[in-house]
Amino acid sequence: MNDTFLKACRGEEVPYTPIWIMRQAGRYLDQYQNVRKKVDFLTLCKTPDLAAEVTIQPVDILNVDAAILFSDILIPCEAMGMNLEFQESSGPVLSPAARDKNSIDGLSVPDPEDKMKFVMDTIRILRKELTGRVPLIGFAGAPFTTATYMIEGGTSKNFLNTKRMIYENPDLYKSLMDKITAAITGYLKAQVSAGAQAVQIFDTWGGIFSPGDFREYALSYVIKIIEELKKWMKTENHEHVPIIYFVGETAGILEEIRTSGADVCGVDWRINIDDAIKRLGGDVVVQGNLDPLSLFLPQDRIEERVKDVLSRASSAPGHIFNLGHGVVPQTPPDNVIALVEMVHRLSKKQ
Ligand code: CP3
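Let us look at the structure shown here.

Scoring rules and cut-offs
- Residues numbered from 1 in each chain as written.
- Predicted model: local features only at pLDDT ≥ 70, side-chain atom pairs only at ≥ 80, totals over all residues.
- Heavy atoms only, no water.
- Core = buried A, V, L, I, M, F, W, Y, C linked by side-chain atoms within 4.5 Å.
- Buried < 20%, exposed > 50% of the residue type's maximum accessible area, 1.4 Å probe, protein only.
- Contact = heavy atoms within 4.5 Å.
- Helix = DSSP H or I, 4+ residues; strand = E, 2+ residues; numbered from the N terminus.
- Axes fitted to C-alpha atoms, helices over the stretch in contact; angles between N-to-C directions.
- Left-handed = near helix turned anticlockwise from the far one by under 90°.
- Nonpolar A, V, L, I, M, F, W, Y, C, P; charged D, E, K, R; others polar.
- Salt bridge = Lys/Arg side-chain N within 4 Å of Asp/Glu carboxyl O.

Bringing the nonpolar core into the picture now. Counting 132 residues, the largest nonpolar core has Phe5, Ile21, Met150 and Leu339 as the members making the most contacts within it. Beyond its immediate stretch of four places on either side in the chain, Ile21 contacts Leu62, Val64, Asn322, Leu323, Val327, Val336, Leu339 and Val340.

Pasting the structure below:
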């Protein structure tokens, strides 16, 4: 198997810098669109054979060094008891919004092998189909990012309802976060048991806070999940599965992220990755950090930026190349294919 990605996560010597791409399965690929023509997005997530098929597409097409489970961070919200819909125009809708004690008390901590069995089935199919190829990354939303969708009822611009709950009713916020944290912890354990070989925790909106608020209202719950996962892997005698912590806007809060306990820290493109490595303490593996929209540059200019990221990242104990956030639907697939080839060629050790 190509285990370059797992080796880099562990800070071991690698023959070249591994790369995978956030949102590597998705609408920018015609092959994905062809599957999506037949079924809506939620049905795709809940049909293990199809979810496995679109998970493998970018491995075949792009030659990336890891596959990421095809699913969505909002799947556990439905399992906790909310209604989930994906609308073509406005994105995800969760109802009724979790804003008062009644609706939060009504949410449950699900048994993942019962309520989200389709995810674990997808992982089990993928481990069979990927044998001898690349490792499989599982994932979940971080409690705070998940909570924003539950409290706002969907996507938000300024997170007014979320911040109001935090500031006006901190006990209610904490009760919601404790439930989500328990649900996500169980969900990630189930993914690891089913065969996920690394897990990424997506905290897309964590960067909307001041450093102090980030620590108290977002990071503290992630720390609990990471501590519990590590303890559980040890007691189960399970091989240590690397934990990647990705925050959407990292520049203001790297000193906080440093304390997360994650094996790998994601870095976005708003900061040079060598500066981020220093502020993370210099001893943690990093993942990132090309601006996703730089994939619209001509390929020779993309190559200059790839060289720049590779050389800046060389001071870290390990580097996994990625974009600073997800690839956008309008991206030319040929440039993504070229990016993977460039990273492999330019980072190859003699
Ligand atoms: O390839 C992969 O990375 C795996 C699949 C994956 C999806 N969503 C598929 C998806 C992953 C890891 C996610 C995570 C996710 N989902 C995040 C965190 C990652 C990030 O980008 O910060 C968030 C915030 C969500 C919530 C979500 N899902 C929104 C806001 C939307 C609508 C906006 C959009 O991009 O369409 C989705 C839908 C979604 N999730 C799609 C895909 C491929 C598009 C659905 C379609 O096919 O129409």
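Glancing now at the environment of Arg164. Relative to the assigned elements, Arg164 resides in helix H10 (residues 160-168). Judged by relative accessible area, which is 44%, Arg164 ranks as partly exposed.

Attention now moves to the packing of helix H11 (residues 170-194) against helix H12 (residues 211-235). Here H11 crosses H12 at 35°, and the two axes come no closer than 10 Å. Every pair of crossing elements has a handedness; the one defined by H11 and H12 is right-handed. Packed against H11, whose contacting residues are Tyr173, Lys174, Met177, Asp178, Thr181, Ile184, Thr185, Leu188, Lys189, Val192 and Ser193, the element H12 presents Tyr217, Tyr221, Lys224, Ile225, Glu228, Leu229 and Trp232 at the interface. Its residues assigned to classes, the contact of H11 with H12 shows 10 nonpolar, three polar and five charged.

A few words on the pattern of salt bridges. If you walk through the whole model with that rule in mind, you get 24 salt bridges. The residue Arg133 makes a salt bridge to Asp60 at a minimum N-O spacing of 2.8 Å. Here Arg133, found in the loop between helix H8 (117-129) and strand E4 (136-141), pairs with Asp60, found in helix H4 (residues 48-62); they are 73 residues apart in sequence, far enough to count as distant. The exposure class assigned to Arg133 is partly exposed, which follows from its relative accessible area of 31%. Arg270 is paired through a salt bridge with Glu249; the nearest N and O atoms lie 3.8 Å apart. Here Arg270 is found in the loop between strand E7 (264-266) and helix H14 (273-279), whereas its partner Glu249 is found in the loop between strand E6 (243-247) and helix H13 (254-257), with 21 residues between them in sequence. Classification of Arg270 by relative accessible area gives partly exposed; the value is 41%. Glu249 gets classed as partly exposed once you look at its relative accessible area, which sits at 40%.

Keep in mind these numbers describe shape, not what the thing actually does.
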